[in-house]
Amino acid sequence: MSARTIKRGGKGVRRAAAAQGKAQKVRTAKAKTGSLVDTLMGWLPFTEAQLHRIFMGMILGFVGLALWIVATLIGVPAMARDQVALASHNSGFELHNINVRGTNNLNELKVYQIALADRNRAMPFVDVQAMRERLLQLSWVEDARVSRQLPDSLVIDIVERKPVAVVAKADRLMLIDKDGVELEVVSAERAKGKLLLTGPGAGRQVAALNELLDAAPAMRPHVRSAEWVGNRRWNLTFKTDQVLALPEGKEQSAKALMTFAQLDGRNRLLGGKATAFDMRAPDRIYLRVPGRTDAVEQGAAAVATAAPATTSAATEVADAAAKSSPKPAAKPSAKSGEKD
């Protein structure tokens with residue numbers, strides 16, 4: 001009787017077919033993935049070797065960044081900085097001398113106080129940009145340049161602001177530049193000879209005032225002070241104590257000042273008997289003369305209402321005021337124009 005060995009657990013037909021199906025799917029997926037990668041690689045303007053170098057560079061960059069972070073945490077850069085500072089100190093590269101140039105009005109002690117904050121510091125570590133920014137915060141400094149002169153010196157060049165006027169505040173006189181920047185408080189004695197600005201907000205209008213005076217350069221030397229009235233117009237007081245009331249508006253005031261300069265050139269209004277000139281009304285001028293104020297103003301009003309006022313009409317009024325000579329019984333006080 002023959003013996004037959006029966007093996008159990010072997011793959012059946014169905015299992016074998018399923019395994020073959022899975023293997024086929026894996027091969028198909030690999031083929032698709034490979035073709036997709038190959039397609040993407042074909043689009044990139046790099047060869048496989050170049051891509052390999054790029055990826056290696058990225059890996060090395062990440063490794064270097066990690067090492068730098070670790071070194072920073074344990075204080076390696078600070079120790080290296082200290083060693084460089086010590087070496088510079090031993091070699092004589094340390095800040096000891098400061099040379100300040102270009103100061104006339106600025107107190108140099110303020111510059112030295114800023115610069116000496118880096119005293120005994122190694123020259124490579126003196127922050128010249130930060131020092132310049134601190135210098136620019138000083139009111140007199142318009143610009144500054146800080147440069148090293150090895151082994152142990154700093155050169156500081158200062159460009160000062162130029163004072164152009166004095167603003168009268170409630171309790172002090174303040175010197176300002178062409179942009180209205182407040183420079184320092186000055187005494188009345190020191191303010192003499194400088195253009196005096198009065199009125200709320202006058203300091204912020206100094207650029208506009210300079211532009212106005214540029215419209216009639218012949219008048220600028222005669223102006224002693226300027227009052228900013230109602231935040232909209234100027235009253236100019238001349239060195240003869242005579243007052244000129246100008247109209248509102250940039251163009252209107254410039255035109256009125258040029259007209260006044262022409263009238264003064266022909267009739268010598270400045271230094272005459274009139275104490276005030278009012279040019280707020282278009283194309284006409286009103287004059288105030290001590291003792292003849294009412295008469296002159298009535299005459300000017302008559303000219304203005306009888307016909308359109310012209311330069312010749314205004315000149316006739318000015319001539320009449322300049323030639324009037326009666327002495328006043330009681331001299332009224334000359335004010336700087338009517339109140340707005």
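In what follows, the accompanying structure is described.

A few points about the environment of arginine 280
In this fold, arginine 280 is placed in the loop between β11 (276-278) and β12 (286-288). Note on arginine 280: relative accessible area 28%, which makes it partly exposed. Linking arginine 280 and glutamine 252, residues 28 residues apart in sequence, is a C-alpha distance of 9.0 Å.

Digging into the nonpolar core
Membership of the largest hydrophobic core comes to 35 residues, with the highest contact counts inside it found for Leu197, Leu209, Leu236, Leu257 and Phe260. Of all the secondary structure elements, the ones that give two or more residues to this core are β4 (163-168), β5 (173-177), β7 (195-198), α7 (206-214), β8 (223-229), β9 (233-238) and α8 (250-267). Considering each element in turn, this core owes the most residues, six residues, to α8. Contacts of phenylalanine 260, omitting those with residues within four sequence positions, involve Met219, Phe238, Leu244, Leu269, Leu270, Phe277, Met279 and Ile285. Formed by 24 residues, the second largest nonpolar core is a distinct cluster that contains Leu106, Met131, Trp140 and Val141.

A look at the sheet that holds β8
One open sheet accounts for nine strands, arranged β6-β5-β4-β7-β8-β9-β10-β11-β12; its pairing is mixed. The open sheet is flanked by β6 (182-186) and β12, the only strands paired with a single partner. Neighbour-to-neighbour, the strand axes of the sheet open up by a mean angle of 25°, direction not taken into account. Here three bridges tie β11 to β12, and the two strands are oriented antiparallel to one another.

Section: the pairing of strand β1 (residues 97-101)
Side chains Ile98 and Val100 of β1 all project onto a buried face; the interleaved residues Asn97, Asn99 and Arg101 project onto a face where none is buried. Inspection of the sheet shows β1 paired to strand β3 (residues 153-160) by five bridges, in the parallel sense. What sits directly across from asparagine 99, in β3, is valine 155.

Examining a nonpolar patch on the surface
A grouping of Ile54, Phe55, Met58 and Phe62 is seen on the molecular surface, where their side chains present a nonpolar patch of about 420 Å² in accessible area. Inspection of the secondary structure puts phenylalanine 55 in helix α2 (residues 48-73).

Observations concerning the packing of helix α4 (residues 108-115) against helix α5 (residues 128-135)
It is the contact of α4 with α5, at a shortest axis distance of 10 Å, that shows an interaxial angle of 150°. Of the possible angle classes, the one that applies to α4 and α5 is roughly antiparallel. Handedness of the α4/α5 crossing: right-handed. In contact with Val111, Ile114 and Ala115 of α4, α5 contributes Met131, Arg134 and Leu135.

Overview of the sheet that holds β1
Pairing in this open sheet of three strands is mixed, and the strands run β1-β3-β2 from one edge to the other. In this open sheet, the two edge strands, each paired with only one partner strand, are β1 and β2 (141-149). Each adjacent strand pair in this sheet contributes to an overall mean axis angle of 15°, direction not counted. Taken strand by strand, α4 contacts β1 and β3, and its axis lies near 140° from that of β1. Across the sheet, α5 touches β2 and β3, and the angle it forms with β2 is around 155°.

Comments concerning unusual backbone geometry
The phi angle at aspartate 241 is positive, at roughly 70°, despite the residue not being glycine. We note that arginine 268 has phi near 55°; this positive angle belongs to a residue other than glycine. The residue arginine 268 is located in the loop between α8 and β11 in this model. Among the residues examined, arginine 268 registers a relative accessible area of 67% and is labelled exposed.

Parameters and conventions
Residues numbered from 1 in each chain as written. Predicted model: local features only at pLDDT ≥ 70, side-chain atom pairs only at ≥ 80, totals over all residues. Heavy atoms only, no water. Helix = DSSP H or I, 4+ residues; strand = E, 2+ residues; numbered from the N terminus. Buried < 20%, exposed > 50% of the residue type's maximum accessible area, 1.4 Å probe, protein only. Core = buried A, V, L, I, M, F, W, Y, C linked by side-chain atoms within 4.5 Å. Contact = heavy atoms within 4.5 Å. Pairing = 2+ DSSP bridges. Axes fitted to C-alpha atoms, helices over the stretch in contact; angles between N-to-C directions. Patch = residues over 30% accessible without salt bridge, like charges linked within 9 Å, V, L, I, M, F, W, Y side chains within 5 Å. Areas by Shrake-Rupley, 256 points an atom, 1.4 Å probe, with all protein chains shown as cover. Salt bridge = Lys/Arg side-chain N within 4 Å of Asp/Glu carboxyl O. Parallel < 35°, antiparallel > 145°, perpendicular 65-115°, else oblique. Left-handed = near helix turned anticlockwise from the far one by under 90°.

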